[in-house]
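Spelled out from the first residue to the last, the chains are:
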Amino acid sequence: MTDKVEEALSYEQARDELIEVVRRLEAGGTSLEESLGLWERGEELAKVCRRWLEGARARLDAALTEEAEEEEAE
């Protein structure tokens, strides 16, 4: 998957697809080749979700820092 395609996925889209990948892997009945492909896709989707969550955490930390600085200035 290219970075452009990964960037186009929202957190919710990546999470929902990851849930589906896990469901399919847990259900079994797939060939080794298909299972490996699903695993790789799951890893990519997990990275997308992680990036979104890290970005959200950074924004939250920045907002909390800004709020603390404003309180100190008062």
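Conventions and cut-offs
Residues numbered from 1 in each chain as written. Predicted model: local features only at pLDDT ≥ 70, side-chain atom pairs only at ≥ 80, totals over all residues. Heavy atoms only, no water. Salt bridge = Lys/Arg side-chain N within 4 Å of Asp/Glu carboxyl O. Helix = DSSP H or I, 4+ residues; strand = E, 2+ residues; numbered from the N terminus. Buried < 20%, exposed > 50% of the residue type's maximum accessible area, 1.4 Å probe, protein only. Core = buried A, V, L, I, M, F, W, Y, C linked by side-chain atoms within 4.5 Å. Contact = heavy atoms within 4.5 Å.

Student: Could you give an account of the pattern of salt bridges, naming the residues involved and the relevant values?
Tutor: The tally for this structure, following the rule as stated, stands at 6 salt bridges. Taking the shortest distance from any N to any O, the salt bridge between R41 and E17 comes out at 2.6 Å. A residue pair is termed long-range when its members are at least 10 positions apart, and R41 in helix α3 (residues 32-73) and E17 in helix α2 (residues 11-27) qualify at 24 residues. Look at R41 and you get buried, because its relative accessible area is 18%. D61 is the partner of R57 in a salt bridge, and the nearest nitrogen-oxygen pair spans 3.8 Å. Highlighted residues: R57 and D61, both in helix α3, separated by 4 residues, approximately one helical turn. With a relative accessible area of 48%, R57 lands in the partly exposed category. Here the salt bridges do not stand alone but share partners, grouping E17, R41 and E44 into one network.

Student: Lay out the nonpolar core with the relevant residues and their values.
Tutor: Counting 7 residues, the largest nonpolar core is built from L9, A14, V21, L38, L45, V48 and C49. Listed by contribution, the elements that provide at least two residues to this core are α2 and α3. A per-element tally of this core places α3 first, with 4 residues. Excluding its chain neighbours within four sequence positions, the residues that come into contact with C49 are Y11, A14 and R15.

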